[in-house]
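The lines below spell out each chain.
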Amino acid sequence: MTQTAEKLTFGADVSRLLEIVAHALYSNRDVFLRELISNASDACDRLRYESISKPDLAKDDSKFRIHIYKDADYRTLHVVDNGIGMTRDELIENLGTIAKSGTRALMEQIGKAQDKDKLSLIGQFGVGFYASFMVAGKVEVISRHAGDAQTWHWESDGRTGFEIREATAEEQKLIIGNRGTAILLHINADASEFLIDEKLKQVIQTYSDHINAPVYLSDPAHAAKDEDPVNKASALWMRPRSEVTQEQYREFYNTIGFGMDEPLVTSHWRAEGKIEYSALLFVPMLRPWDLYDPSRRNAVRLYVKRVFITDHCDGLMAPWLRFVRGVIDSEDLPLNISREMLQHNPVIAKIRNSVATRILTDLEKIANDDPVLYGTFWGQFGPVLKEGLYDAVEHREQLFKVARFYSTHDNGKLTTLSDYVSRMKAGQDEIFYISGENIDTLKNSPQLEGFRARGLEVLLFTDTIDDFWLQQVPEYLGKTFKSITKGSIDLSKFPGSDAAAEKPAEKTPEIIKLAEILKDILKDDVSDVRLSDRLTDSPVCLVAGDNSVDINMERVLKIHQKYEAKSTRILEINGKHPLILRLAHEKHDSAGLSDAAHLLLDQARIIQGEPLPDPAAFARRMANFMEKGLAA
Ligand code: ADP
Ligand code: MG
């Protein structure tokens, strides 16, 4: 049988990835073996699952295994498995392109990152098979999909492309029996250590001890019947905690495809009772790059009685815990369950709830034991966990225990809601908050002035999700949440720290008249102009009406949903501000008053961080005023 090889070029993303691999990964080349073993093990897992419904596929050899051995004459390292194997199309698709979504975005991140960070990004992505080119100048893959008659040969130097053709009879002998994959790495001169058995053994034991399939250091064609595998080959998550070392947990965490970071939480437990399952789950320290990618796969693998079922079971993890990685192994689900039916299985829902409770308990513990470390974690994942406040009523109480918020209380420090409540002033029955784009703008908000003057603490919310969960959560410990940029607020019952703040602005007839005049001038832009309790230093601020959308919510909606509703905001004026007093008490021509009204409104908008609807008009009015000011 002779067949000409077909030459194909790599997808653009692969070429870039290979370039990055070649330049950035030198620090820890051992991981290539971890990647190949992990692929081999996945292939075994997948065939094990397939053969539940199609027993014929694995019937001639049901002992799934991985063999790793060298051929010193050719300086090749062989990684062989009798898993599912690949068809010709699969070889092209899996090893010639990067099918995963979001890859381009990741590539851009990698391209921009410093060299030292590249490794971690690549690790997150799991550079996978391409890691082979860190140690090999040429890689051959011989593969036959279980149940197929043809064996294929794929080959590449990891530069521009690859060749694919049918495997020769000699090459076919390199796979185990009639299925699976053999990977032949032509080891570079500077990587000769990977041709030494001791080195291989050490790397396998470090990285792949927990792998489900046994790994042998021998040529499958000449393997001794009673050979011992070099790994333990038992599912790590089924071992008792006392028998697993921290290193093993960490290696497992790295293998299941996250970064090079230490996990914040390692949770390993066995649930018994109404539902039975084992779980080994990790909460990462660093945010996965695709946390907000809607097509992101669930990062938790589902096993049923040690058989791998799927790594994207929708509904297995609460969406607000989508950063959790690891394995859940159920005893209750039927082995032959179809992947499509999983999502609606009540067992999955029960596991999801039980797992969420457990993870939140572990997070709460860390939050109490090490607030600083927890603060870092919260900075990365807080916005995601807060999605749970929005839609997981059953976990809300626990979520509030782990939730942290910025507040005006202790500059820059995070607080819990219960601490906020414990600091509330006598007579205060609402939890005050302000939400906006970032902490610095919020801290300078004019709406805060009156609260600050009276020593009233205000929470500062800066995540988009905040405005949404606040709609769903009316109260905490019986205290309602109250936005300080919305509706009327009566602060007169709270004594201020200085006399000026304490004394409310007088509602003189002149001020009332001014408010009316301004309201008339600005009637197209605001629904009302009124005297404010909120202000001490600034002349004006904007607030939302009692029954309308809050100020920041409106901004968010405008960005995300092209919200066009006519605004019903209110302009509040500071009855003690010299500018307002002069406007109220001195005579002005109507043009001057109109300019002043619009400038005040624009000023309030600017402080709010909003674009001005008519910047040219603003500039013209401003120039008028400056001219008058200079002339005087
Ligand atoms: P990942 O494992 O994250 O999907 P890899 O680059 O490691 O990425 O592998 C790409 C794909 O190639 C795998 O998803 C799998 O479909 C296929 N593959 C790689 N190695 C094997 C193997 N030994 N047997 C079967 N399929 C494999
Ligand atoms: Mg892989």
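Rules used throughout
Residues numbered from 1 in each chain as written. Chains lettered and ligands numbered in written order. Predicted model: local features only at pLDDT ≥ 70, side-chain atom pairs only at ≥ 80, totals over all residues. Heavy atoms only, no water. Helix = DSSP H or I, 4+ residues; strand = E, 2+ residues; numbered from the N terminus. Rg over C-alpha atoms; globule rule 2.2 N^0.38 Å. Buried < 20%, exposed > 50% of the residue type's maximum accessible area, 1.4 Å probe, protein only. Contact = heavy atoms within 4.5 Å. Areas by Shrake-Rupley, 256 points an atom, 1.4 Å probe, with all protein chains shown as cover. Lys, Arg positive; Asp, Glu negative; His and termini not counted. Charge placed at Lys NZ, Arg CZ, Asp CG, Glu CD. Near = heavy atom within 4 Å. Polar contact = N/O pair within 3.5 Å; in protein donor to acceptor, adjacent residues only side chain to side chain. Nonpolar A, V, L, I, M, F, W, Y, C, P; charged D, E, K, R; others polar. Domains from an automatic or database assignment. Expected span 1.5 Å × (residues − 1). Salt bridge = Lys/Arg side-chain N within 4 Å of Asp/Glu carboxyl O. Core = buried A, V, L, I, M, F, W, Y, C linked by side-chain atoms within 4.5 Å. Pairing = 2+ DSSP bridges. Axes fitted to C-alpha atoms, helices over the stretch in contact; angles between N-to-C directions. Left-handed = near helix turned anticlockwise from the far one by under 90°.

A. Summary view of the overall build of the protein chain. A tally of helices and strands in the protein chain yields 22 helices and 22 strands. Taking 2.2 N^0.38 as the reference for a compact globule, 632 residues should give roughly 26 Å; the C-alpha atoms of the protein chain span a radius of gyration of 32 Å, well beyond that estimate. Each of the three principal axes of the protein chain carries a C-alpha extent, and together these read 105 × 55 × 40 Å. Looking at the 632 residues of the protein chain, the share that counts as buried comes to 53%. The contacts of the protein chain with a sequence gap of at least 6 include a subset with a gap of at least 24, amounting to 73%. For the protein chain, the accessible area works out to roughly 29400 Å², and carbon and sulfur atoms hold 50% of it. For the protein chain, the centre of its 79 positive side-chain charges and the centre of its 96 negative side-chain charges are spaced 2 Å apart.

B. Spatial organisation of the site of ligand 1. Taken together, 12 residues lie around ligand 1, and N39, D81, N94, G128 and F129 are the ones closest in. Between ligand 1 and F129 there is a distance of 3.0 Å, counted from an oxygen atom to a backbone nitrogen or oxygen. Protein coverage of the free-state accessible area of ligand 1, which is 530 Å², stands at 83%. Elements supplying a minimum of two residues to the shell around ligand 1: α2 (31-53) and α3 (88-96). Of the residues contributing to the shell around ligand 1, the split by class is five nonpolar, four polar and three charged.

C. Representation of the domain arrangement of the protein chain within the structure. Looking at the protein chain, the domain boundaries give domain 1 (6-216), domain 2 (236-356) and domain 3 (404-631). For domain 2 versus domain 3, the separation of C-alpha centres amounts to 46 Å.

D. Broad picture of the environment of V327. By secondary structure assignment, the location of V327 is in strand β13 (residues 325-330). In sequence terms V327 and L302 are 25 residues apart; their C-alpha atoms lie 6.0 Å from each other. Contact partners of V327, with chain neighbours within four places excluded, come to W237, F252, S278, A279, L280, L281, V300, R301 and Y303.

E. Molecular detail of unusual backbone geometry. Positive phi is not limited to glycine here, since A233 has a value of about 55 degrees. Position of A233 relative to the elements: it lies in the loop between β8 (215-216) and α8 (246-255). Overall, A233 belongs to the partly exposed group, its relative accessible area being 22%. Phi is positive for R306, which is not a glycine, with a value near 75 degrees. A residue is classified by how much of its surface remains accessible, and R306, at 28% relative accessible area, is partly exposed.

F. A look at helix α10 (residues 346-369). If you check α10, its first and last C-alpha atoms are 35 Å apart, about what 24 residues at 1.5 Å a residue would give, namely 34 Å. The distance from a side-chain oxygen at the start of α10 to the backbone nitrogen of V347 is 2.8 Å, and the residue carrying that oxygen is N345.

G. Layout of the pattern of salt bridges. Scanning the model with the defined rule gives 41 salt bridges in all. Residue E155 pairs with K138 through a salt bridge whose shortest N-O separation is 3.5 Å. With E155 in strand β5 (residues 152-156) and K138 in strand β4 (residues 136-144), the pair connects residues that are 17 residues apart, well separated along the chain. You can call K138 partly exposed: its relative accessible area is 30%. Measuring nitrogen to oxygen at the nearest pair gives 2.9 Å for the salt bridge that ties E572 to R530. One end of the pair, E572, is in strand β22 (residues 569-573); the other, R530, is in strand β20 (residues 528-531), with 42 residues separating them in the sequence. Exposure remark for E572: the relative accessible area of 2% places this residue in the buried category. Several salt bridges converge on common partners, so that one network encompasses R29, D30, D190, E193 and K199.

H. Layout of the nonpolar core. Among the nonpolar cores identified, the biggest contains 79 residues, and F323, I328, L363, F377, L385, W469 and F481 are the most heavily contacted of them. Built from parts of two domains, this core gets at least three residues from each of domain 2 (236-356) and domain 3 (404-631). Residues within four places of F323 in sequence aside, it is in contact with F282, V283, P284, L291, F377, F381, V384 and L385. L33, V79, I183 and L195 belong to the second-largest nonpolar core, a separate cluster that totals 54 residues.

I. Main features of the sheet that holds strand β11 (residues 300-304). Across the sheet, five strands lie side by side as β9-β10-β13-β11-β12; this open sheet has mixed pairing. Strands with a single pairing partner mark the edges of an open sheet, and in this sheet they are β9 (265-271) and β12 (307-310). Direction aside, neighbouring strands of the sheet carry axes that sit 20 degrees apart on average. Packed onto the sheet, α10 meets β9, β10 (277-283), β11 and β13 and runs at close to 135 degrees relative to β9.

J. Structural view of the side chain of D467. Structurally, the position occupied by D467 is in helix α16 (residues 464-472). Despite its burial, D467 remains without a salt bridge, the nearest opposite charge being carried by R555 at 6.2 Å. Within polar-contact distance, the side chain of D467 engages the side chain of S435 at 2.8 Å. Contact partners of D467, with chain neighbours within four places excluded, come to S435, N552, M553 and V556.

K. Layout of the packing of α2 against helix α7 (residues 197-208). The interhelical angle for the contact between α2 and α7, taken along N-to-C directions, is 65 degrees, at an axis separation of 9 Å. Here α2 runs over α7; the crossing is right-handed. Contact with α2, carried on its side by V31, L33, R34 and I37, involves L200, V203, I204, Y207 and S208 of α7 and no other residues of that element. Residue composition of the contact of α2 with α7, by class: seven nonpolar, one polar and one charged.

L. Fine view of the pairing of strand β2 (residues 66-71). In terms of strand pairing, β2 meets strand β3 (residues 76-81) through six bridges, oriented antiparallel. When the bridges of β3 are listed, I68 appears paired with V79. Linking two consecutive strands that pair antiparallel, namely β2 and β3, is a turn of four residues; a positive phi of about 55 degrees is found at R75 within it. Pairing of β2 with β8, which is carried by two bridges, proceeds in the parallel orientation. What sits directly across from H67, in β8, is Y216.

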